[in-house]
Amino acid sequence: MSALSQKHLIAIKDLQKSDIELIFQTADTFKEVLQRPIKKVPSLRDITIANLFFEDSTRTRISFELAEKRLSADTINFSASGSSVKKGETLLDTVNNILAMKVDMIVMRHSSSGAQSFLSNHIKANIINAGDGTHEHPTQGLLDGYSVREKFGSLKGLNYLIIGDIKHSRVAGSDIPLMTKMGAKVKVCGPPTLIPKYIEEMGATYEPNLKKALEWCDVANVLRIQLERMDIKFIPSLREYSIFYGVNKDLLDSIKKDITIMHPGPINRGVELNSDVADSKQSIILQQVENGVAIRMAALYLLADRG
Amino acid sequence: MKPRIILDSSKFALTIDRLCHQLIEQHQDFSQSCIIGVQPRGIFLAERIHSRLQAILRKKDINYGKLDITLYRDDFRQKGKPMTTNETDIKFPLEDKNVILVDDVLYTGRTIRAALDAMLDFGRPKDVELLVLIDRRLQRHLPIQAKYVGKVIDSITTEKVKVEWKETDGQDKVWIVSENNE
């Protein structure tokens, strides 16, 4: 039995395959804990965790908070709006002031890519990245991988498709390295303007035609169109995007095999994903959310152990 | 000092049989009782007791579960290495049951303390009894005693009690080794 190779969880690309396997195995334990009448264990009762959200979040924030509470950790919550960040305090000052109050771990989301990595060079506390700009969202990558593993038994040899705005997606940023490290093949599909030029260096290939891409895959992860990250027009209109890259039941019915559908949320219903698919049996969207708590418990538990 | 054998395989089987009959005396048909093995080493004994009981009583429905106590230990983060979790598998409610907690060696009592805590998350049992194969009675840190004991051993802290199982080690055997010998 080995420990995690990292003191922080900042990016999937820093992790080794054995780290990912260890997190998956530990998450199995916590998944069982979450089925019990009393869904709480005392392992992190001596740990205080600060959730620093410099950017909006519903799912991730609630999921982290629940994971921390299920492990008996003490938690404090911080959001940038209504804080001294508005008065011009720097990131490092804000964090150091919080750490001065004896906080052991930091869960942070920030709109700047690399903010957590910068912090990790300056502070001692363990950091978990809850999303940094357009870079990575490692716990989302882990829970996606875990949900697929749960459905198929293993990730090895699977064909994994990511559809949509790959360029601005930190979910794709974590999913691609995770899936390739675990032996799955990754293809991306979407308008050429939303595909990064370095996609092949990330380990994925590009297929512009949605139907061809769907015929290839076992699992399709449909990403949200993130209008808030697009400062210029990358697509002519949402309607046109929906016609070419929206996933609906008619399209899936025209393909012979049963494809598993994922979405990291929040869904723009009728844009990238239609309700007749999102709420169908093929979709494992709610299982992803459920597994998110177990995966985050595993990450927190294993990092606390690294001291 | 040379390793000493405490129980060889024939005595081992006798001890298991005796423990089973003691349990039957107390629990009759086990309709309100269940057996919980403590992970990782306690489950070998629990499984053996469970299958022997079912054979003696000609029953197939004695409740049996596995309990992992890793998340409840009091020495978490003090050992300098991470503690792997094991499977917990209890498919029946413990509410109002007579629970027989099973572990291989009772030593400081800390494992059992953690197991009692862990068990409470599955409900409130009517009562809890402890069954162990080996009781190292001189090294207790907590006020915990077993009700059913395979064998009592007086040993010093530098000695180690090893329990081996047919399933994993080739034969059933209990022996004492002193650490400077290893």
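Cut-offs and rules
- Residues numbered from 1 in each chain as written.
- Chains lettered and ligands numbered in written order.
- Predicted model: local features only at pLDDT ≥ 70, side-chain atom pairs only at ≥ 80, totals over all residues.
- Buried ≥ 20, exposed ≤ 12 C-beta atoms within 10 Å, placed from the backbone.
- Helix = DSSP H or I, 4+ residues; strand = E, 2+ residues; numbered from the N terminus.
- Pairing = 2+ DSSP bridges.
- Right-handed = clockwise from strand over helix to strand, strands pointing away.
- Contact = placed C-beta atoms within 7 Å.
- Core = buried A, V, L, I, M, F, W, Y, C linked by C-beta atoms within 7 Å.
- Axes fitted to C-alpha atoms, helices over the stretch in contact; angles between N-to-C directions.
- Expected span 1.5 Å × (residues − 1).
- Left-handed = near helix turned anticlockwise from the far one by under 90°.
- Nonpolar A, V, L, I, M, F, W, Y, C, P; charged D, E, K, R; others polar.
- Domains from an automatic or database assignment.

Draft legend 1. The arrangement of the pairing of strand β5 (residues 127-136) of chain B in detail. Residues and elements named next belong to chain B. A large share of β5 lies buried, amounting to 7 of its 10 residues. Sheet analysis places strand β4 (residues 98-106) next to β5, joined by 8 bridges and oriented parallel. By the bridge assignment for β5, V102 is matched with L131. Considered for its hand, the β-α-β crossover made up of β4, helix α3 (residues 110-120) and β5 is right-handed. Sheet topology places β5 next to strand β6 (residues 148-153); 5 bridges connect them, and they run parallel. Among the inter-strand pairings, L131 is bridged to a residue of β6, identified as Y148.

Draft legend 2. Expanded view of the interface of chain A and chain B. In this assembly, 15 residues from chain A lie in contact with 13 residues from chain B. Going through the elements one at a time, α1 (17-33) and α11 (285-306) of chain A are the ones with two or more residues in the side of chain A that touches chain B.

Draft legend 3. Broad picture of the nonpolar core. Membership of the largest hydrophobic core comes to 131 residues, with the highest contact counts inside it found for A:L161, A:A298, A:L300, B:L101 and B:V102. The element that contributes the greatest number of residues to this core is α11(A), accounting for 11 residues. With sequence-adjacent residues up to four places away left out, A:L300 is seen in contact with A:L44, A:A67, A:E68, A:L71 and A:M105.

Draft legend 4. Focus on the sheet that holds strand β2 (residues 74-79) of chain A. Residues and elements named next belong to chain A. Within the open sheet, the 4 strands sit side by side as β2-β1-β3-β4. Their pairing is parallel. Only two strands of the sheet have a single neighbouring strand rather than two, namely β2 and β4 (126-132). Neighbour to neighbour, the strand axes of the sheet diverge by 15 degrees on average, direction disregarded.

Draft legend 5. Representation of helix α6 (residues 170-181) of chain A in the model. Residues and elements named next belong to chain A. In a regular helix each residue adds 1.5 Å, so 12 residues correspond to 16 Å; α6 covers 17 Å between its end C-alpha atoms and thus fits that length. For α6, the buried fraction is high: 11 of the 12 residues fall into the buried class. Listed as buried for α6 are R170, V171, A172, G173, S174, D175, I176, P177, L178, M179 and K181. Downstream of α6 by one or two residues, G183 has phi in the positive range, about 90 degrees.

Draft legend 6. Spatial organisation of the sheet that holds strand β8 (residues 173-178) of chain B. Residue and element names in this part refer to chain B. Spatially, β1-β8-β7 is the arrangement adopted by the 3 strands of the open sheet, whose pairing is antiparallel. Taken across any chain shown, the strands that pair with only one partner, and hence form the sheet edges, are β1 (4-7) and β7 (159-164). Averaged over all adjacent pairs, the angle separating strand axes in this sheet is 30 degrees, with direction ignored. Alignment of β7 against β8, held across 6 bridges, turns out to be antiparallel. For K162, the partnering residue across the bridge sits in β8 and is W175.

Draft legend 7. Representation of the packing of helix α5 (residues 138-152) of chain A against α11(A). All names here are of chain A. The geometry of α5 relative to α11 is characterised by a closest axis approach of 8 Å and an angle of 120 degrees between their N-to-C directions. The handedness of the crossing between α5 and α11 comes out as right-handed. When α5 is examined against α11, the residues T139, L142, L143, D144, Y146, S147 and E150 are found in contact with a partner set consisting of Q287, Q288, N291, G292, I295, R296 and A299. Its residues placed into classes, the contact of α5 with α11 shows 5 nonpolar, 6 polar and 3 charged.

Draft legend 8. Looking closely at the domain arrangement of chain A. Residue and element names in this part refer to chain A. If you check the domain split of chain A, you get domain 1 (12-136 + 289-306) and domain 2 (138-288). Each of domain 1 and domain 2 has a C-alpha centre, and these two points are 25 Å apart. Each partner contributes to the interface: domain 1 provides 24 residues, whereas domain 2 provides 24 residues. The element contributing the most residues to the side of domain 1 that touches domain 2 is α11, with 7 residues. Taken together, the residues that form the side of domain 1 that touches domain 2 break down as 10 nonpolar, 7 polar and 7 charged.

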